[in-house]
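What the coordinates show
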Amino acid sequence: KLREFISGHLQLDDNSIGREENAYPVHSIYLDSAELLTYWATVHCEKKRFKLRVRYYNDDPTSPLFFEIKRRENECVLKQRGMVHRSAGALLLSGQLPGPEHLLTGKAHHLAALQRFCYLMQRMNARLMVHVGYLREAWVSPQSNAVRVTIDREVRGEPRHDPVFTTQMATPVYPFGKQLVLELKFTDRFPDWFGALTRHFNLTQCGVPKYC
């Protein structure tokens with residue numbers, strides 16, 4: 001029923017089409033300091049905070065890694081990411097200065113994102129902490145990227161301190177059990193139908209304070 005409601009406004013993301021349950025795998029290894037600065041910033045709902053993660057989607061050694069910074073500025077969530085050769089991942093995480101040779105694309109904003117990522121990582125002496133994986137079903141606006149809805153299932157995680165970019169986990173923890181995680185995302189005006197959706201399905205926030 002939820003999928004039927006969403007499909008009246010959005011269409012499946014290209015990555016979701018043709019897959020079982022419309023879901024594709026997403027894997028991220030999150031970095032943090034020894035004091036867990038980014039973790040506690042989230043727990044305390046700090047208005048300005050960020051996360052550092054390396055994202056990938058499969059075990060193919062020729063596929064890219066995405067070095068991502070996810071920032072929160074008051075009520076806005078912003079993301080920067082640089083697409084990196086998988087072979088360069090361990091080198092960059094060990095402190096190598098980033099350069100154009102590490103990127104799959106010559107686009108300036110990818111290099112800027114990678115340089116910023118490495119600066120923040122070194123500034124707080126961050127290291128790899130936890131591997132998080134899930135299956136994502138994504139719905140997007142056919143007109144633009146202004147509206148996006150994602151449904152994540154089988155959310156799991158385990159400690160990961162080495163730069164090994166595998167989708168496999170030895171003893172994962174499933175914090176949400178069989179529950180799904182629904183995210184409603186927009187870049188401009190809050191769509192009225194988002195409000196109708198949450199009221200119709202009586203959706204609640206899971207595990208975080210309101211407005212956090």
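Residues numbered from 1 in each chain as written. Predicted model: local features only at pLDDT ≥ 70, side-chain atom pairs only at ≥ 80, totals over all residues. Heavy atoms only, no water.

**With respect to unusual backbone geometry**
Applicable threshold: Secondary structure is summarised from DSSP: a helix means a run of H or I of at least four residues, a strand means a run of E of at least two, and numbering begins at the N terminus for each.
A positive phi angle is found at Leu 36, which is not glycine, with a value near 60°. By the secondary structure assignment, Leu 36 is in the loop between β2 (23–32) and α2 (37–43). With phi around 55°, Cys 45 is a residue other than glycine that occupies positive phi space. For Cys 45, the position within the fold is in the loop between α2 and β3 (48–56).

**Structural notes on a nonpolar patch on the surface**
Selection rule: Nonpolar side chains (Val, Leu, Ile, Met, Phe, Trp, Tyr) are joined into patches within 5 Å and like charges within 9 Å, using only residues with over 30% relative accessible area and no salt bridge. Per-residue and other accessible areas were derived by the Shrake-Rupley procedure at a 1.4 Å probe size, with only the shown protein chains allowed to occlude residues. By definition here, a salt bridge exists when the distance from a side-chain nitrogen of Lys or Arg to a carboxyl oxygen of Asp or Glu is within 4 Å. The rule is simple: take the accessible area with a 1.4 Å probe, protein chains only, and divide by the maximum for that residue type; under 20% is buried, over 50% is exposed, in between is partly exposed.
Together, Leu 36, Tyr 39, Trp 40 and Val 43 make up an exposed nonpolar region whose accessible area comes to about 360 Å². Within the fold, Tyr 39 resides in helix α2. With a relative accessible area of 44%, Tyr 39 lands in the partly exposed category.

**Examining the packing of aromatic side chains**
In plain terms, the rule: Working definition: a ring pair exists when centres of Phe, Tyr or Trp rings (six-membered ring for Trp) sit within 6.5 Å. Plane angles under 30 degrees give stacked, over 60 give edge-to-face, the rest tilted. Comment: the charge-over-ring label is applied if NZ (Lys) or CZ (Arg) is within 6 Å of the ring centre and within 35 degrees of the ring normal.
Summed over the entire model, instances satisfying the criterion amount to 11 aromatic pairs. Plain terms: the ring middles of Phe 5 and Trp 193 are 6.4 Å apart, the flat faces sit at 35° to each other, and that makes the pair tilted. Pair noted here: Phe 5 is in helix α1 (residues 2–7) and Trp 193 is in helix α5 (residues 192–200), with a separation of 188 residues, a long-range link. By relative accessible area, Phe 5 is classed as partly exposed at 23%. An aromatic cluster of three or more residues is present, and its members are Phe 5, Phe 186, Phe 190, Trp 193, Phe 194 and Phe 201. We note Arg 81 situated over the ring of Phe 66; from NZ or CZ to the ring centre the distance is 3.9 Å.

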